[in-house]
Amino acid sequence: MSLALASAATLPAQAESLFLVPYHAAEKPIVDAQGRKLIIIDFADDAHEKFPKDPPPGWDSNASFHRPQVVNLVNAHAKTHGYEPQGMTTWVGSSTTAYLTDAQIKRMREDKSLKLLTEDGSTQVFSALNPAAPWGNVVVGSETQSWGRVSMNGKTRLSQSTRTVYIIDTGVAWHDDLPSVTARVNVACGGGTNCNNIDPGFYPVVGCWAHATHVAGIIGGAANGATTKGMYAGVDMVSITALTAKGSPWSPCAFPPATTSGMGYALDYVYGAVINSGSQTVPIINISMNSGQFGFDTNGQAETNRAKFLQLSQPAQVWRYLPGVGYYLASYPGAFIAQSAGNDWENVCSNPSKAYRTSATALSTSLDGIMVVGAIHHTGEPVKGPAGLSAQYDRTFSDTYPAGLAKDFASNYGPCVDVWAPGNAIVSAWGTHTAQNGASLPADGWFSTNSSQVTPYAGNPVSGSSGWLFLSGTSMAAPHVAAAAAYVADYYGLTTPVAIEAKLREFFQSTGYLDAAGQSINIIQLSP
């Protein structure tokens, strides 16, 4: 499963100048009633340094994690160019989002304080249900351990754990299997705060497609819970929602509009939340999304969220402002990030990228605390596409459900994939379920009655929900690795993202298969 954004591209080469700020166009840009495009404005790395460090008048430092010096930069730039900031990032990079006319865009392309302009676009959701009984599931009473948890030797939360796994996605629903979700926030307004407190109707903490709920169940579904047990059962999780209730260019609800800017806001929010907490425990971040502009365009130009993605992962000493205290130097521990490789059966090393990689010309991975995850079948072989141009599919993901959504093709692959994990027919948390044809778990025929793409699904904050569903995709593979990272970090007392990745690599085991690029398929098998 992936969340794939419409592809972005630069303007034609003949229209470019070496002296103009690079411009990335979206296939379906977001446009307001006046015809203005929503543009992500990325500032040069040092653009904020000439602005005052004190907060602007009337700014509430207690209500926002944003850095005042960057807020001053954005306010001054907005005044100069005559736009209204819609949101901003201040920790993972200095940026703002605004509706701009073509004339404003043209002027800003000559602004030396900027490094990139990007048309904001919406995110699509793809999903799949495997109708066949998954191999290797273990059922004890009413609780199921998926074959994914079994194959990787899943664990239960250690008593000393203070680890948090952040799930940047469509919003984790209330569910009986997910009592360890400690917070749910929506960051789509870009204010460095929980936007749900501003307008809960427009900024819901749970979207209408339960993608994030399924991901959370894979990561930390409770031991002895209602239906399924997670890979690191009971670990603390925080749900970061990057969408609004407003319809998108794709569909009012089937494809929630988690935008490129929203993804940037989510990265920034996690950084600010960790700084605000003062914790030195490395957080784990799961991003089961692709084409959120984390990579490079066809010309090798870094996309808007790539630098933000990288900065979120790196330990750093940063200046933090507190009302009544002023500025002081705070330590940020960095974050370990697991990201899905994508479901297009493409080489991740190619341009434009579907996932993070170390450089535009990278032909391998690196030890950097970021792991891109491909998907395998229960047999250990990669989920792959057809041979050549043949119409005969060979071990692809199963058809999507509900009917009418696009079929996920097959797992992306190549030397820029760090590791592989279970990603086909994974059972995890969903909505209320019913049985067809007298079938019983985990046989064919079970499905969620809340799978509708029109009816919002949030669960009940008081009573939760007890449903589950089989889903497939690299979206299911990444959370297995995020959970494994949280466990090894806790068990071995690891204090940096790089140390966490290095320890995970010690548990690599080859399945004996190769991907389409001839790379060995390695999965993580934790010690029993």
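Going by the structure above, here's the rest.
All of the points below concern the structure found in this document. Source: prediction; values computed, not measured.

Once that is clear, we can look at the state of the cysteines. For the coordinates displayed, the defined rule picks out two disulfides. Shown here is the disulfide that connects C189 with C195, its sulfur atoms set 2.1 Å apart. Here the S-S torsion is close to -80°, and the disulfide linking C189 with C195 is therefore left-handed. Both residues of the pair, C189 and C195, count as buried. Disulfide partner of C349: C416, at an S-S distance of 2.1 Å. When the S-S torsion is 105°, as for the bridge of C349 with C416, the disulfide is right-handed. Highlighted residues: C349 in the loop between β20 (336-340) and β21 (370-376) and C416 in the loop between β21 and β22 (419-422), separated in sequence by 67 residues. Look at C416 and you get buried, because its relative accessible area is 3%.

Put simply, the largest pocket is a space of about 490 Å³. Looking at the largest pocket, it is lined by 27 residues, and the ones nearest its centre are D45, H48, R67, S94 and Q311. Looking at side-chain class alone, the lining of the largest pocket contains 11 nonpolar, eight polar and eight charged residues.

Let us look at the sheet that holds strand β14 (residues 228-229). A sheet is described by the order of its strands in space; here three strands give the open sequence β9-β10-β14, paired in mixed fashion. Strand pairing shows two members of the sheet lacking a second neighbour, β9 (138-140) and β14, which therefore form its edges. Bridge count for strand β10 (residues 143-145) against β14 is two bridges, and the pairing is parallel. If you follow T144 over to β14, its bridge partner there is T228.

We now examine the packing of helix α7 (residues 474-492) against helix α8 (residues 497-506). Where α7 meets α8, the closest approach of the two axes is 9 Å, and the angle between their N-to-C directions is 105°. Looking at the two axes, α7 sits roughly perpendicular to α8. Residue-level inspection shows V481, A484, A485, V488, A489 and Y492 of α7 in contact with α8, the latter providing I500, K503 and L504.

Evaluated as defined, the whole model comprises 12 aromatic pairs. Their ring planes at 55° and their centres at 6.1 Å tell us that W345 and Y413 sit as a pair that is tilted. Here W345, found in the loop between β20 and β21, pairs with Y413, found in the loop between β21 and β22; they are 68 residues apart in sequence, far enough to count as distant. Judged by centre distance (6.4 Å) and plane angle (40°), the ring pair of Y492 and F507 falls under tilted. Here F507 lies in the loop between α8 and β27 (508-514) and Y492 lies in helix α7, a separation of 15 residues in the sequence. For Y492, a relative accessible area of 35% gives the class partly exposed. Look at F507 and you get buried, because its relative accessible area is 11%.

Buried residues dominate β20, accounting for five of its five residues. Every second residue of β20 is oriented toward a common face, with F336, A338 and S340 on one face and I337 and Q339 on the other, all of them buried. Where strand β17 (residues 284-287) meets β20, four bridges bridge the pair, whose relative direction is parallel. Paired with I285 across the two strands is I337, which belongs to β20. As judged from the four bridges shared by β20 and β21, these two strands associate in the parallel manner.

A separate point is the pairing of strand β19 (residues 326-332). Across seven bridges, strand β18 (residues 316-322) lies against β19 in antiparallel orientation. Bridge assignment links W319 to a residue of β19, and that residue is L329. Connecting β18 to the antiparallel partner β19 that follows it, the hairpin turn spans three residues, and G324 within it adopts a positive phi of roughly 80°.

Bringing the environment of G292 into the picture now. With respect to the helices and strands, G292 occurs in the loop between β17 and α6 (306-313). Between the C-alpha atoms of G292 and Y356, which are 64 residues apart in sequence, the distance is 9.9 Å.

Relative to each other, helix α4 (residues 211-220) and α7 sit at 35°, their axes nearing to 8 Å. Crossing hand, α4 versus α7: right-handed. Residue-level contacts link H211, H214, V215, I218 and I219 of α4 to S475, M476, P479, H480 and A483 of α7.

About the cut-offs
- In every chain, residue numbers begin from 1 and rise along the written sequence.
- Predicted model: local features are reported for residues with pLDDT of at least 70 only, side-chain atom pairs are reported and counted for 80 or more only, and whole-chain, interface and lining totals are derived from all residues.
- Working from all heavy atoms in the structure, the side-chain values ignore hydrogens and water.
- Disulfides are defined as cysteine sulfur pairs within 2.5 Å.
- Exposure classes here rest on a 1.4 Å probe applied to the protein chains alone. A residue is buried below 20% of its type maximum, exposed above 50%, and partly exposed in between.
- Where helices and strands are cited, they refer to DSSP runs of H or I of at least four residues and of E of at least two residues respectively, numbered from the N terminus.
- As defined here, a cavity is a set of points on a 1 Å grid over the protein atoms alone where a 1.4 Å probe fits but cannot get out. A pocket is an open set with protein on both sides within 12 Å along at least five of seven lines, and residues line them when an atom is within 4 Å of a point.
- Grid points are joined across faces, edges and corners, and a volume is the space filled by probe spheres set on the points.
- All residues other than Ala, Val, Leu, Ile, Met, Phe, Trp, Tyr, Cys, Pro, Asp, Glu, Lys and Arg, Gly among them, are scored as polar; the first ten of these are nonpolar and the last four charged.
- The pairing criterion is simple: DSSP has to find at least two bridges between the two strands.
- A fitted line through C-alpha atoms represents every axis, and for helices the fit uses only the stretch in contact; the resulting angles, taken between N-to-C directions, go from 0 to 180 degrees.
- Roughly parallel means an angle under 35 degrees; roughly antiparallel, over 145; roughly perpendicular, 65 to 115; everything else is oblique.
- Every residue pair with non-hydrogen atoms within 4.5 Å of one another is taken to be in contact.
- When the centres of two rings from Phe, Tyr and Trp lie within 6.5 Å, Trp using its six-membered ring, the rings pair. Their planes under 30 degrees apart give stacked, over 60 give edge-to-face, and anything left gives tilted.
- What makes a crossing left-handed is the near helix being turned counterclockwise from the far one by less than a right angle; a clockwise turn instead makes it right-handed.

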